Amino acid sequence: MTKKAKRNILNISFLLLLIGITLTILLTCNRELNFENIKGFLKSSNPWFIAVILLCMILSIAFEGWSMHLIVRRLGYRPKIRSSMAYAAADVYYSAITPSASGGQPASAFYMMRDGISAGVTSFGLLFNLIAYTASIFIIGIVGFALNPSLLWQFKGFVQFLVILGIVLQVLLLAFFIACISWHKGVLKLGNGVITLLTKMHIVKKTEKWREKLKVEVEKYHQSFREIRKHPTLFFEALTLNTAQRIAQLLIPSFVCLAASPETDFGLLFSMQALVLLGYNSIPLPGGVGAYEYLYLNIYAAAFGNAFILSAMMIERAVSYYLRTAVSGVYMLGYHAAGMRNKKNKQEPPADAAAEETPEDGENTEESKGEHQDENNVQ
């Protein structure tokens, strides 16, 4: 078994453990969580909303694929749209099963380079998309706060802490991207100073290794600025598509609630889910499992009763996380299998062609031997 396969099994096992612990806690602490209540919730829901929810789930994958398709085409390559969707599906699937979504970009990079896209374009394309993705979360957070400025302050303790932590992390990420682009030498100097301090505190041991990693990351972001200057409108187009992707995913829980309670204020639902989005992104767990459920139950309590929240959460989580991950995984697997078949067909010539060529080669060989013998006899 390869290291990659072992790592995937470990990630999935850890994810299943988290899911098991989360469900056990939910079922133990909430008597209202049962299949009868969920069944009743679905029966009372508007079926058209359910159809829209499924469409939003598909769009949340498609918008990311479209963004990658646009970026790579602007950089000189012409991938097919189904290939770009596979890059997005690989990102969604591996992000869902790895801590901090760390496996998403390497998986996308594998398929991009397998399809002949250069390492440089692959690296820049994924980096560019990551910046747009981070900025889109920040934009959604701003819109959520603008719709209900006082909502966050209704919560206390750990909920407020997680949301504020998520905001701080998003701001720091964007600040890092901007600093690397416009002030990369200063970032390197500051970063090396921090590494030196951590080394003296015996927190960092391999100093040169960390300095090299910092240099590579900072230079990578700085180089991306040159490409951005060549394509000034590309960032805004990628940002638009990434924002649409995040909104499509955010609409799933909003429409689940509206399906059963159409009188609910949509702006409030958007704001509550924006807080959930900011909060669970601050926790480095696969899919935010555990953190997401905790934030959802506490934040949505501002508008709904416990029984409603539990049923709504289980349904929307089943669609926005589990079904979305499964659909992405199946699509990626199909694309992977098709690529393996194409590779095998290119390496192995058709049997009929090989059979036809052999007698001809043999005849030509005998004829050439005869000709050489005649020439020798003449001489």
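Residues numbered from 1 in each chain as written. Predicted model: local features only at pLDDT ≥ 70, side-chain atom pairs only at ≥ 80, totals over all residues. Heavy atoms only, no water.

Asker: How do you make sense of the packing of aromatic side chains when you look at a structure like this?
Answerer: Working definition: an aromatic ring pair is given by the centre-to-centre distance plus the angle between the planes. Applying the stated rule across the entire model yields 18 aromatic pairs. Here Arg317 stacks its cationic end above the ring of Tyr321, 4.6 Å away from the centre of that ring. (Phe/Tyr/Trp six-rings, centres within 6.5 Å; stacked < 30°, edge-to-face > 60°. Lys NZ or Arg CZ within 6 Å of the ring centre and 35° of its normal.)

Asker: Sorry, what's going on with the packing of helix α6 (residues 119-147) against helix α11 (residues 266-280) here?
Answerer: Contact pair α6 / α11: the axes reach a minimum separation of 8 Å and the direction vectors enclose 135°. Classified by the angle their axes make, α6 and α11 are oblique. Handedness of the α6/α11 crossing: left-handed. On the side of α6, the interface is formed by Ile137, Ile140, Gly141, Val143, Gly144, Phe145 and Leu147, while α11 contributes Gly267, Phe270, Ser271, Ala274, Leu275, Leu277 and Leu278. Considered class by class, the residues forming the contact of α6 with α11 number 10 nonpolar, 4 polar and no charged. (Axes fitted to C-alpha atoms, helices over the stretch in contact; angles between N-to-C directions. Helix = DSSP H or I, 4+ residues; strand = E, 2+ residues; numbered from the N terminus. Parallel < 35°, antiparallel > 145°, perpendicular 65-115°, else oblique. Left-handed = near helix turned anticlockwise from the far one by under 90°. Contact = heavy atoms within 4.5 Å. Nonpolar A, V, L, I, M, F, W, Y, C, P; charged D, E, K, R; others polar.)

Asker: What's the story with a nonpolar patch on the surface in this structure? I'm lost.
Answerer: On the surface, Trp153, Ile164, Val168, Leu169 and Leu172 cluster together to form a nonpolar patch covering roughly 460 Å² of accessible area. Position of Ile164 among the secondary structure elements: in helix α7 (residues 158-182). Accessibility expressed as a relative area gives 34% for Ile164, which makes it partly exposed. (Patch = residues over 30% accessible without salt bridge, like charges linked within 9 Å, V, L, I, M, F, W, Y side chains within 5 Å. Areas by Shrake-Rupley, 256 points an atom, 1.4 Å probe, with all protein chains shown as cover. Salt bridge = Lys/Arg side-chain N within 4 Å of Asp/Glu carboxyl O. Buried < 20%, exposed > 50% of the residue type's maximum accessible area, 1.4 Å probe, protein only.)

Asker: I'm lost on α11 in this one. Help?
Answerer: Residues spaced three or four apart along an α-helix point in a common direction, a consequence of the helix completing one turn every 3.6 residues. In a regular helix each residue adds 1.5 Å, so 15 residues correspond to 21 Å; α11 covers 21 Å between its end C-alpha atoms and thus fits that length. Most of α11 is tucked away, with 14 of its 15 residues classed as buried. Two or three places before Gly267, at the opening of α11, Asp265 has a side-chain oxygen 3.3 Å from that residue's backbone nitrogen. (Expected span 1.5 Å × (residues − 1). Polar contact = N/O pair within 3.5 Å; in protein donor to acceptor, adjacent residues only side chain to side chain.)

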